Amino acid sequence: MSSPRDSILEALRQITLIDPHTHINPLDPASRTLADLLGYHYYTELAHSAGMPKSRIEVPGASPRELVESLAGGMEPLTNTAQFSWLIDICRRFLGWEGDVIGRHDWQELFDRSERVMASADWAERVLEQSNVAAVFLTNDFDDPLERFDTATFIPCLRTDELVFHLHKPDVRQRLAAASGVALDGSLMSIRMALEQRVRHFVSRGARACAISLPPHFSPAPVSDGRATTAWDAVLKQGESAEAANRDALGRRVFWTIAELCDQYRLPLDLMIGVNRNVYPAGVHQGRDLYDSRVSLIQYAELFNAFPDVKFPISVLASVTNQELVSYAWIFPNVITNGHWWYSNTPSFIRRDLAARLEAVPSNKQIGYYSDAYKLEFIAPKFEMYRQVLADVLTEDFVLRRNWSEERAIALGRQVLRGNVEEIFPNIGIETGRGETATVSDSGDVIFLTGEGGSTLVPNPITGELVLPARDSDRESGEDDPYRLDPEPSDDEERFGPPIPDDLLDVIDPHDSDPNERH
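Residues numbered from 1 in each chain as written. Predicted model: local features only at pLDDT ≥ 70, side-chain atom pairs only at ≥ 80, totals over all residues. Heavy atoms only, no water.

1. Structural notes on the overall build of the chain
Next up, step 1: The number of helices and strands found in the chain is 20 helices and 16 strands.
Next up, step 2: Across the 519 residues that make up the chain, the buried fraction comes to 54%.
Next up, step 3: Of all intrachain contacts in the chain linking residues separated by at least 6 positions in sequence, the fraction that spans at least 24 positions is 73%.
Next up, step 4: Summed over all atoms, the accessible surface of the chain reaches about 22,900 Å², with 49% contributed by carbon and sulfur. (Helix = DSSP H or I, 4+ residues; strand = E, 2+ residues; numbered from the N terminus. Buried < 20%, exposed > 50% of the residue type's maximum accessible area, 1.4 Å probe, protein only. Contact = heavy atoms within 4.5 Å. Areas by Shrake-Rupley, 256 points an atom, 1.4 Å probe, with all protein chains shown as cover.)

This is how it looks when you write it as structure tokens:
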């Protein structure tokens, strides 16, 4: 007879997954040889940490076989790590390998096998099927054309780091202007128009979220038109030589505009908070960044309060920040716990953080896990690690201690593993409630409706938000229309909130940030 833990784990394994955050390239989603597996940054940075010279890890022009030969010699000290267990799981699950160590004496047979098996034309589809994965979220550059792949399986997500932190770079501005078709003429309006065109482009192709990785010092706040204009002028004139204060002010203005667009287009905004870039400059590629415990979510309180209708799935880089995240998700309706990121992505930290979330945060506000994978093969072992811990917590904390039934515990597990992903990141298309689905047009300012009615959304003249005009039949019947423009406020109602003092808007953090392509 199986134990409650075994029954719960087996039920969790039957759940078809949607991975809500990856770095998969949809045009090259799966590995081609063992080199793609061993080249994952976890193994190169761990091998370097264990003593392998960087010159043996990053060898310009090395073939995949040569890379594996070099890296295999540094794997032995890593066999105790959770990360190495992912690698062994992949080799057994997908390659039919029966070993438990990849070393300098036994890598060749495994490499040959990987080269043979992964050459299959349908390898990516087979990996998804064997992993029981229906879809994965991507991490797309703002100028990605989002073409030549199935957006139902590979779901776009607009990554905004470059827009927020690198708009002072001429090449980023040129890319934004070219992609959006909006000339960045020095006006703040041109920035907003370009950003909105990019959001429309992504939404029209099935995007379900925006995302950004944020350094510890970043504190989002609105920036006044005057301050933003000064910063924008300085950046256009001085480029990368512009003062850090001006780059920071422009970045905060761009970030706030992106939050406004997420509000307008009903997109969740994923915040990945706390990464300090280039702490270890001598490290291998993608092995230079670390967390900083000085980060606090109080830096984001103004943002959460300003956009109550925007969902903020939040990842924190360090487990030490998890209690604060739990507390914010406890209080703020729009704050959602999201996965176990990077340095918190090992079983011991997951166990502690997951237990705290499950016992304190409403069940509909937790995205259990994402793989953060660069290749499809890593989704299965990472989610299996999480399922093992989730089964432990559900069994020990809910079935045994609270006397929950196994069925009830499984239902909770299903919600955090899959159900909440669909609820928090809904299918793109604005549900009108009238048997119509709004589809965003990438060619103009109007969202066209398909289905019965054939109506179009029109901009609210005050807010700019696109809304469905009231029908004549609605007006005649006197029915409430949730898509009509709000009526004029009465004399005793405030039309707008109080202005934000300039001295608050102009507080500038002197630190600059340099996020790279990872996470």
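2. A word on the sheet that holds strand S1 (residues 17-19)
Next up, step 1: Across the sheet, which stays open at both edges, the 3 strands sit in the order S1-S2-S3 with parallel pairing between neighbours. Each having just a single partner strand, S1 and strand S3 (154-155) make up the two edges of the open sheet.
Next up, step 2: Sheet strands touched by helix H17 (residues 379-402): S1 and strand S2 (133-137). Its angle to S1, the strand with the most contacts, is close to 110°. (Pairing = 2+ DSSP bridges. Axes fitted to C-alpha atoms, helices over the stretch in contact; angles between N-to-C directions.)

3. Points about helix H3 (residues 41-49)
Next up, step 1: Counting buried residues in H3 gives 7 out of 9 residues, a clear majority hidden from the surface.
Next up, step 2: His41, Tyr42, Tyr43, Thr44, Glu45, Ala47 and His48 are the residues of H3 that are buried.
Next up, step 3: Packing partners of the buried residues in H3 comprise helix H2 (34-38), helix H4 (54-57), helix H5 (64-72), helix H6 (82-95) and H17.
Next up, step 4: Gly51 sits one or two positions beyond H3 and adopts a positive phi of about 125°.

4. Considering the packing of aromatic side chains
Next up, step 1: This structure, assessed with the given rule, holds 23 aromatic pairs.
Next up, step 2: Ring geometry for Phe304 versus Phe312: centroids 5.4 Å apart, planes at 55°, classification tilted.
Next up, step 3: Judged by its relative accessible area of 1%, Phe304 is buried.
Next up, step 4: We classify Phe312 as buried; its relative accessible area is 0%.
Next up, step 5: Put simply, the rings of Tyr40, Tyr42, Tyr43, Trp86, Tyr374 and Phe378 touch in pairs and so form one group of aromatic residues.
Next up, step 6: Directly above the aromatic system of Trp404 lies the positively charged group of Arg408, at a separation of 3.8 Å from the ring centroid. (Phe/Tyr/Trp six-rings, centres within 6.5 Å; stacked < 30°, edge-to-face > 60°. Lys NZ or Arg CZ within 6 Å of the ring centre and 35° of its normal.)

5. Side note on the state of the cysteines
Next up, step 1: Applying the stated criterion across every chain, the model contains 0 disulfides.
Next up, step 2: In this structure Cys210 is not part of a disulfide, and its nearest cysteine sulfur, from Cys262, lies 3.8 Å away.
Next up, step 3: Judged by relative accessible area, which is 1%, Cys210 ranks as buried. (Disulfide = S-S within 2.5 Å.)

6. Structural notes on the packing of H6 against H17
Next up, step 1: Direction vectors running N to C along H6 and H17 enclose 120°, while the axes themselves pass 8 Å from each other. The orientation of H6 relative to H17 falls into the category oblique. As H6 packs across H17, the resulting crossing turns out to be right-handed. Contact residues: H6 offers Ala82, Trp86, Asp89, Ile90, Arg93 and Phe94, while H17 offers Ala380, Pro381, Lys382, Glu384 and Met385.
Next up, step 2: Taken together, the residues that form the contact of H6 with H17 break down as 7 nonpolar, no polar and 4 charged. (Parallel < 35°, antiparallel > 145°, perpendicular 65-115°, else oblique. Left-handed = near helix turned anticlockwise from the far one by under 90°. Nonpolar A, V, L, I, M, F, W, Y, C, P; charged D, E, K, R; others polar.)

7. Remarks on the side chain of Asn322
Next up, step 1: When you line up the elements, Asn322 lands in helix H15 (residues 322-331).
Next up, step 2: Polar side-chain contacts of Asn322 include one of 3.5 Å to the backbone oxygen of Asp353.
Next up, step 3: Beyond its immediate sequence surroundings of up to four residues, Asn322 is in contact with Val316, Asp353, Ala356 and Arg357. (Polar contact = N/O pair within 3.5 Å; in protein donor to acceptor, adjacent residues only side chain to side chain.)

8. Some points on the pattern of salt bridges
Next up, step 1: A full pass over the atoms with the stated rule returns 24 salt bridges.
Next up, step 2: Between Lys375 and Asp28 there is a salt bridge; the shortest N-O distance is 3.4 Å. Here the residue Lys375 occupies a position in the loop between strand S11 (366-367) and H17, and Asp28 occupies one in the loop between S1 and H2, the gap between them amounting to 347 residues.
Next up, step 3: Accessibility expressed as a relative area gives 15% for Lys375, which makes it buried. (Salt bridge = Lys/Arg side-chain N within 4 Å of Asp/Glu carboxyl O.)

9. Overview of the pairing of strand S6 (residues 269-273)
Next up, step 1: Counting buried positions along S6 yields 5 of 5 residues, so the element is predominantly enclosed.
Next up, step 2: The side-chain alternation of S6 yields two buried faces, one formed by Leu269, Leu271 and Ile273 and the other by Asp270 and Met272.
Next up, step 3: Across 5 bridges, the pairing between strand S5 (residues 210-214) and S6 is parallel. Looking at the pairing, Ile212 lines up with Leu271 of S6.
Next up, step 4: Taken together, the 3 bridges between S6 and strand S9 (residues 312-316) define a ladder with parallel strand orientation. Residue Ile273 lies in a different strand from S9, and its bridge partner there is Val316.

Functional significance is not addressed by these values, which are geometric in nature.
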